[in-house]
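Listed here are the chains, written in short residue letters.
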Amino acid sequence: MNQLHKSYLDKFTTLKELYQKYDFSTALSEIDNDIKNISDFKVTVPLVGGFSTGKSTLVNSLIGSEILSTDIKPETAIPAELTYGDNSVVYCMKDGSSVTVALFDMDKQKYSINNTSLIKISFDNEFFRSIQDIRLVDMPGFDSGIEIHNRAINDYLPKSLAYIITVSADEGTIRASILNFLTELKINEMPVYIVVTKSDKVLPDELDGFIEYIRQLTSQKMNISNIDIKSTSVADDETDGFREILLDIQKKSDNIFIEHYNNKLKRYVTGLKSYLKKLISSPDTDIIQVQEDKKLLEEKIAELQKDLSDEKKRFSEQAQRCIENIYSKVEAELRKNTSVLENIVLQDRSIYEKVNFIVRNAITSGIREQLEPKLQRYISNVSDLISMENIITDTNMPLLDSNTIADNEARRTALQSAVTPVTTAIATAVGTIFGPIGTVIGAVAGSLLGSLINTYSRKNEEAQKREVASQRVQQVIGEVLSTVRLQIESAINQMIANVNSELEKAVSVQIEMKKKELGDLEINLSQSCQEQNNRISSYNADLQLLAELHL
């Protein structure tokens with residue numbers, strides 16, 4: 001754990017002690033979870049490219065040893081997650097078990113694509129120590145098939161900061177599978193770095209021309225005019241560009257970490273500060289007023305629960321309309337590409353990859369266009385509802401001063417940032433949708449025209465081929481569409497349930513705090529002046545500690 005993470009771990013540990021001191025049980029489970037996540041924090045960075053583009057060779061140069069095989073065949077390739085650690089290898093088996101061996105004994109472990117889903121490798125060397133917050137994923141070459149494309153997005157997009165794409169200088173082009181992948185990364189608004197490998201295989205002028213070609217292509221595909229492109233040559237020991245990219249991502253991961261945990265810290269600190277300030281104000285508060293406030297609070301909580309229920313219902317209705325619109329978009333895109341798919345079948349090639357590309361992009365863009373704005377607005381609306389300003393609204397009441405209003409706004413802002421980011425939720429939903437759909441596409445779109453053609457005279461052969469191709473494409477479209485609607489609905493409803501669960505936790509925390517605040521005020525007002533003064537001194541000391549936590 002680096003110093004930055006340790007400093008935040010100390011802050012959250014102190015915060016936990018304060019919440020325990022004041023017996024706020026609802027928030028404690030969240031704080032415990034945050035403490036665990038700080039300790040395990042890593043930003044995932046998939047490394048993607050075709051076979052023979054030099055990915056594994058490039059990673060071996062970082063390791064300083066030929067750990068990764070450079071002659072893996074497409075049908076046997078398995079993703080490898082690489083992190084700083086204790087020089088060990090963990091083989092994650094498909095049956096849920098795992099096997100751990102020492103790094104330099106990994107050749108002794110027998111594994112295959114049939115029984116192993118993932119390999120986790122940790123290294124203790126100087127460079128990996130400098131990027132210890134990064135989980136670099138060496139993905140199998142995209143020549144392995146569209147399953148690798150799907151896995152690179154479904155498994156890793158929700159937890160990635162950026163993707164690194166490798167292209168080989170001696171190929172002089174970017175493969176179609178990688179172009180499709182870049183298009184999907186653009187739809188998901190995911191940053192991309194490009195590493196040109198094997199730069200020693202071409203002349204300097206050719207390398208410059210290839211890099212310019214990549215810039216133009218990515219500008220068209222991703223609308224990025226200043227994409228970061230580095231050239232490398234392991235043969236000439238020139239890998240500084242690759243290292244610079246990883247160090248840049250490490251720096252950005254620090255900023256993301258700070259922003260994420262500062263938002264959480266702010267929410268916890270703001271809530272507890274508000275509670276302590278109210279207790280400090282107790283000598284100026286009449287006990288009868290506090291008792292009236294308790295009654296009013298129960299009424300406001302009931303109103304809040306009803307408003308939340310209404311807001312959930314409205315959003316659920318909007319989401320159902322979005323599901324229909326997304327399904328219609330998928331169908332329209334497939335129908336629009338019918339001729340393209342027929343031509344692929346006529347060439348006796350599988351339409352699996354093209355159908356996969358059409359459906360993925362239609363679902364992803366549909367969710368972002370249709371659902372994302374409504375989800376953002378829903379979270380904002382709920383955040384407004386559960387601010388304390390909506391629980392106690394009588395501005396004549398002594399408990400609602402200007403500090404209270406400011407605290408309410410701080411709570412609302414912190415709450416919105418604490419809920420799972422919408423982009424992450426959507427990326428997770430797309431991956432959930434595409435697990436079953438990808439399987440269906442593979443089953444119905446993988447076979448070729450081949451034996452479907454009977455022996456006819458040459459005169460009728462072309463017309464017959466076109467008719468059979470058309471029937472084949474319509475069959476695939478029909479079967480894919482029959483699966484799409486159910487999966488879209490299931491994944492989006494699960495995403496909404498997850499967001500609602502997080503919002504409900506936030507509601508519970510704030511209600512618990514407000515109830516306890518008024519209950520403790522009532523108790524404090526019944527105590528002697530000396531007891532109250534001692535308590536206020538303790539509250540002030542804790543307020544100072546909270547202020548130091550969130551400097």
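(A) Seen up close, the overall build of the protein chain. On a plain count of helices and strands, the protein chain comes out with 15 helices and nine strands. Burial status across the protein chain gives 49% buried among its 551 residues. For the protein chain, restricting intrachain contacts to residue pairs at least 6 apart in sequence, the fraction spanning at least 24 positions comes to 82%. Split by element, the accessible area of the protein chain, about 25100 Å² in all, is 47% carbon and sulfur.

(B) Summary view of the packing of aromatic side chains. Going through the model one piece at a time under the given rule, you end up with 14 aromatic pairs. With a centroid separation of 6.1 Å and an interplanar angle of 90°, the aromatic rings of Phe12 and Tyr268 are classed as edge-to-face. Here Phe12 is found in helix α1 (residues 3-21), whereas its partner Tyr268 is found in helix α8 (residues 240-280), with 256 residues between them in sequence. The interplanar angle of 20° and the centroid separation of 6.0 Å between the aromatic rings of Phe210 and Tyr213 together place this pair among those described as stacked. Taken together, the positions of Phe210 and Tyr213, both in helix α7 (residues 204-222) and three residues apart, correspond to about one turn of that helix. Judged by relative accessible area, which is 6%, Phe210 ranks as buried. On the basis of relative accessibility, which here comes to 29%, the residue Tyr213 falls in the partly exposed class. Over the face of the ring belonging to Tyr327 we find Arg485, whose NZ or CZ atom lies 4.0 Å from the ring centre. Stacked on the ring of Phe24, the Lys or Arg Lys516 has its end atom at 5.5 Å from the ring centre.

(C) Main features of the packing of α8 against helix α15 (residues 529-549). Orientation of α8 relative to α15, taken along the N-to-C sense of each, is 160°, at an axis distance of 10 Å. The angle between α8 and α15 places the two elements in the roughly antiparallel class. Classified by chirality, the crossing of α15 by α8 is left-handed. Between α8, through Leu265, Val269, Leu272, Lys273, Leu276, Lys277, Leu279 and Ile280, and α15, the contact on the second element is made entirely by Ile536, Tyr539, Asn540, Asp542, Leu543, Leu546 and Leu549. Broken down by class, the residue content of the contact of α8 with α15 amounts to 11 nonpolar, one polar and three charged.

(D) Layout of a negative patch on the surface. Judged by side-chain charge, Asp170, Asp200, Asp236, Asp237, Glu238 and Asp240 come together as a negatively charged surface patch. Mapped onto the elements of the fold, Asp170 is located in the loop between β7 (163-168) and α6 (176-187). Take Asp170: its relative accessible area is 42%, and that puts it in the partly exposed class.

(E) Main features of the packing of helix α3 (residues 55-63) against α8. α8 packs onto α3 with a crossing angle of 75° between their chain directions and a minimal axis gap of 11 Å. Viewed along their axes, α3 and α8 adopt a mutual orientation that is roughly perpendicular. Between α3, through Leu58, Ser61 and Leu62, and α8, the contact on the second element is made entirely by Phe242, Arg243 and Leu246. Partitioning the contact of α3 with α8 into residue classes produces four nonpolar, one polar and one charged.

(F) Here's a closer look at the sheet that holds β7. In spatial order, the strands read β4-β3-β5-β2-β6-β1-β7-β8-β9; together these nine strands make up an open sheet with mixed pairing. On the outer flanks of this sheet lie β4 (98-102) and β9 (228-231), each paired with one strand and no other. Between one strand and the next, the sheet's axes are offset by a mean angle of 20°, whatever the strand orientation. Sheet strands touched by α6: β1 (43-49), β7 and β8 (192-197). Its angle to β7, the strand with the most contacts, is close to 160°.

(G) The environment of Leu68, seen in detail. Within the secondary structure layout, Leu68 lies in the loop between α3 and β2 (80-84). Since its relative accessible area comes to 10%, Leu68 is described here as buried. Along the sequence, Leu68 and Ser56 sit 12 residues apart, while their C-alpha atoms lie 6.0 Å from each other. With near-sequence residues (within four places) excluded, Leu68 lies in contact with Ser56, Val59, Asn60, Leu82, Ile121 and Asp138.

(H) Highlighting the environment of Ile536. Tracing the backbone through its elements, the reader meets Ile536 in helix α15. Considering only alpha carbons, one finds Ile536 and Leu276, 260 residues apart in sequence, at a separation of 8.7 Å.

(I) Geometry of the confidence of the model for the protein chain. Of the residues in the protein chain, 82% have a pLDDT of 70 or more, and the chain-wide mean is 80. This stretch, residues 388-405, has a pLDDT under 50; its non-local contacts, to residues over four places away or in other chains, come to 33 contacts. Contacts of residues 449-456 to residues separated by more than four positions or lying in other chains number 13 contacts, the stretch itself having pLDDT below 50.

(J) Fine view of the nonpolar core. Judged by nonpolar contacts, the single largest core of 109 residues is most densely connected at Tyr19, Ile121, Leu136 and Ile164. At 19 residues, helix α14 (residues 458-525) tops the list of elements feeding residues into this core. Excluding anything up to four places from it in sequence, Leu136 contacts Val45, Leu47, Val59, Leu62, Ala80, Glu81, Leu82, Phe242 and Leu246. Ile174, Leu179, Leu182 and Ile227 belong to the second largest nonpolar core, which has 34 residues in total.

(K) Just α7, in detail. When the terminal C-alpha atoms of α7 are compared, their 26 Å separation across 19 residues agrees well with the 27 Å that a helix rising 1.5 Å per residue should span. Listing the buried residues of α7 in full gives Leu207, Phe210, Ile211, Ile214, Leu217, Thr218 and Met222. Summarising the axial view, the buried residues of α7 lie within an arc of 130°, below the 170-degree limit, and thus occupy one face. Projecting away from the buried face of α7 at angles above 90 degrees are the exposed residues Asp205 and Gln220. Looking at the packing, one finds that the buried side of α7 touches β7, α6, β8 and β9. Downstream of α7 by one or two residues, Asn223 has phi in the positive range, about 55°.

(L) Here's a closer look at the side chain of Gln132. By the secondary structure assignment, Gln132 is in the loop between α4 (126-130) and β6 (134-138). For Gln132, the side chain forms a polar contact with the main-chain oxygen of Arg129, separated by 3.0 Å. Every residue in contact with Gln132, bar those within four places of it in the chain, is listed here: Met1, Asn2, Lys42, Tyr84 and Gln250.

(M) Just unusual backbone geometry, in detail. Phi is positive for Glu189, close to 55°, though the residue is something other than glycine. With respect to the secondary-structure elements, Glu189 resides in the loop between α6 and β8. By relative accessible area, Glu189 is classed as exposed at 59%. In the Ramachandran plot, Lys198 falls in the positive-phi region, its phi being about 55° despite a non-glycine side chain. Tracing the chain through its elements places Lys198 in the loop between β8 and α7.

What counts and what doesn't
- Residues numbered from 1 in each chain as written.
- Predicted model: local features only at pLDDT ≥ 70, side-chain atom pairs only at ≥ 80, totals over all residues.
- Heavy atoms only, no water.
- Helix = DSSP H or I, 4+ residues; strand = E, 2+ residues; numbered from the N terminus.
- Buried < 20%, exposed > 50% of the residue type's maximum accessible area, 1.4 Å probe, protein only.
- Contact = heavy atoms within 4.5 Å.
- Areas by Shrake-Rupley, 256 points an atom, 1.4 Å probe, with all protein chains shown as cover.
- Phe/Tyr/Trp six-rings, centres within 6.5 Å; stacked < 30°, edge-to-face > 60°.
- Lys NZ or Arg CZ within 6 Å of the ring centre and 35° of its normal.
- Axes fitted to C-alpha atoms, helices over the stretch in contact; angles between N-to-C directions.
- Parallel < 35°, antiparallel > 145°, perpendicular 65-115°, else oblique.
- Left-handed = near helix turned anticlockwise from the far one by under 90°.
- Nonpolar A, V, L, I, M, F, W, Y, C, P; charged D, E, K, R; others polar.
- Patch = residues over 30% accessible without salt bridge, like charges linked within 9 Å, V, L, I, M, F, W, Y side chains within 5 Å.
- Salt bridge = Lys/Arg side-chain N within 4 Å of Asp/Glu carboxyl O.
- Lys, Arg positive; Asp, Glu negative; His and termini not counted.
- Charge placed at Lys NZ, Arg CZ, Asp CG, Glu CD.
- Pairing = 2+ DSSP bridges.
- pLDDT = per-residue confidence, 0-100.
- Core = buried A, V, L, I, M, F, W, Y, C linked by side-chain atoms within 4.5 Å.
- Expected span 1.5 Å × (residues − 1).
- Arc of directions from axis to C-beta.
- Polar contact = N/O pair within 3.5 Å; in protein donor to acceptor, adjacent residues only side chain to side chain.

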